[in-house]
Amino acid sequence: MQLRTAVRYLYVPLLLIGFNGLALWLVASDRSYGWLAAVLAAAIGLAFLAERILPLHDAWNQSHGDEHRDVLHAIVYEISNINSVLLLPLLTWMMPWQGVWPHDWPLLAQVLLAVIVADFGLSMLHWLSHRVPLLWRLHSIHHGSTRLYGFNGLVRHPLHQVIDLTIGTLPLVLAGMPQNVAILLGLAISIQLIVQHSNVDYVLGPFAKWLSIGKLHHLHHVNWGKEGDVNFGLFFTVWDMMLGSFRTEPPRPVTASDMGVDEANFPTRFVDQMMHPFKPRGT
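Residues numbered from 1 in each chain as written. Predicted model: local features only at pLDDT ≥ 70, side-chain atom pairs only at ≥ 80, totals over all residues. Heavy atoms only, no water.

On to the side chain of His157, then. Tracing the sequence through the fold places His157 in the loop between helix 5 (133–143) and helix 6 (158–168). Those residues in contact with His157, other than ones at most four positions away along the chain, are Leu138, Ile141, Gln273, Met274, Pro277 and Phe278. (Helix = DSSP H or I, 4+ residues; strand = E, 2+ residues; numbered from the N terminus. Contact = heavy atoms within 4.5 Å.)

As for its position among the elements, Ala28 is in helix 1 (residues 2–28). Considering only alpha carbons, one finds Ala28 and Leu108, 80 residues apart in sequence, at a separation of 9.3 Å.

Now for a nonpolar patch on the surface. On the surface, a nonpolar cluster with roughly 320 Å² of combined accessible area is contributed by Val71, Leu72, Ile75 and Ile79. Mapping Ile79 onto the fold places it in helix 3 (residues 67–94). (Patch = residues over 30% accessible without salt bridge, like charges linked within 9 Å, V, L, I, M, F, W, Y side chains within 5 Å. Areas by Shrake-Rupley, 256 points an atom, 1.4 Å probe, with all protein chains shown as cover. Salt bridge = Lys/Arg side-chain N within 4 Å of Asp/Glu carboxyl O.)

The next thing to look at is the pattern of salt bridges. Overall, the coordinates contain 7 salt bridges when judged by the stated rule. Among the ionic pairs, Glu51 bridges to Arg52, the shortest N-O distance being 3.6 Å. Take Glu51: its relative accessible area is 0%, and that puts it in the buried class. A salt bridge links Asp272 to Arg269; the shortest N-O distance between them is 3.1 Å. For Arg269, a relative accessible area of 52% translates into the label exposed. (Buried < 20%, exposed > 50% of the residue type's maximum accessible area, 1.4 Å probe, protein only.)

Attention now goes to the packing of aromatic side chains. Throughout the structure, instances matching the rule amount to 5 aromatic pairs. Measuring from ring centre to ring centre gives 5.3 Å for Phe48 and Phe151, while their planes differ by 90°; the resulting arrangement is edge-to-face. Taken together, the residues Phe48 in helix 2 (residues 34–53) and Phe151 in the loop between helix 5 and helix 6 connect sequence positions 103 residues apart. Look at Phe151 and you get buried, because its relative accessible area is 14%. Among the aromatic side chains, those forming a connected cluster through ring pairs are Phe48, Tyr149 and Phe151. The residue whose ring lies beneath Arg147 is Tyr149, and the NZ or CZ to ring-centre distance is 3.8 Å. When the ring centre of Trp224 is taken as reference, the NZ or CZ atom of Arg252 above it lies at 3.9 Å. (Phe/Tyr/Trp six-rings, centres within 6.5 Å; stacked < 30°, edge-to-face > 60°. Lys NZ or Arg CZ within 6 Å of the ring centre and 35° of its normal.)

What follows deals with the packing of helix 4 (residues 107–129) against helix 6. Axis separation between helix 4 and helix 6 bottoms out at 9 Å; the angle between their running directions is 135°. As far as their axial angle goes, helix 6 and helix 4 are oblique. In the crossing of helix 4 with helix 6, the sense of the turn from one axis to the other is right-handed. From helix 4, Val117, Ala118, Gly121, Leu122, Leu125 and Ser129 reach across to helix 6, where they touch His160, Ile163, Asp164, Ile167 and Gly168. Each residue belonging to the contact of helix 4 with helix 6 can be placed in one class, and the counts come to 6 nonpolar, 4 polar and 1 charged. (Axes fitted to C-alpha atoms, helices over the stretch in contact; angles between N-to-C directions. Parallel < 35°, antiparallel > 145°, perpendicular 65-115°, else oblique. Left-handed = near helix turned anticlockwise from the far one by under 90°. Nonpolar A, V, L, I, M, F, W, Y, C, P; charged D, E, K, R; others polar.)

On to the side chain of His130, then. Along the chain, His130 falls in the loop between helix 4 and helix 5. For His130, a relative accessible area of 7% translates into the label buried. When residues no more than four places from it in sequence are discounted, the contact partners of His130 are Trp136, His139, His143, His220, Lys226, Asp229 and Phe232.

For the rest of this paragraph, the subject is helix 6. Of the residues making up helix 6, those classed as buried are His160, Gln161, Asp164 and Gly168. In a view along the axis of helix 6, the buried residues occupy a sector of 105°, so they form one face of it. (Arc of directions from axis to C-beta.)

Structure representation (structure tokens):
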């Protein structure tokens, strides 16, 4: 019972504050960036452990025939992240200006600034991805999962991820964001996606209205037609409040079988999902 209580109250702060804080310390101490891969692996491992100790839905811990596919998605996702970070110095070198990035700020303040700016850009693009047909065809791969668990957050069509990273973080690149901040931002996004989709019955208390995780995001994933077009934020809910797309209560209780997309014969294999956005409608 004590272990379940610890998971209920400590899971979110440990991942969002503890693991990101550890990553910040490693980078500030000039440790090898390879240590951050260990931080991410530990975050994934802890998420899977917490899902077994205190699941929100037991059914989401059961195989849906999606494990191997989602591992491939996660590998492609993280490779894309690494490639984007490696390209940052080249993009900065190509810019004809120095940018306005506050390099003299403490590293923590720089990362928090990057998170806020990226959250706005990625949340707006997420909102558009539910309204522009081509973007939705790409984004629907993420919504095709019929359960939510840690790896589900890393399920993305790589082309949509490229669009995400290009448009969502473009203001940061133009401002001259340094590589160490970009790496910490990428890790923070990965950890956020893991928490956001975790099958853990955690408690958020007074932060439940302000953090775009937990039951707020479960409502976003329901397969009830347009009723899931709410709560688009990645980190925070303030952008949804501005857009009028913030919802705290579903029109009916969300069950374990309500996840996915209401599209017949939606592909479940990795290769088929890669091809799905480019197939003619109705095939």
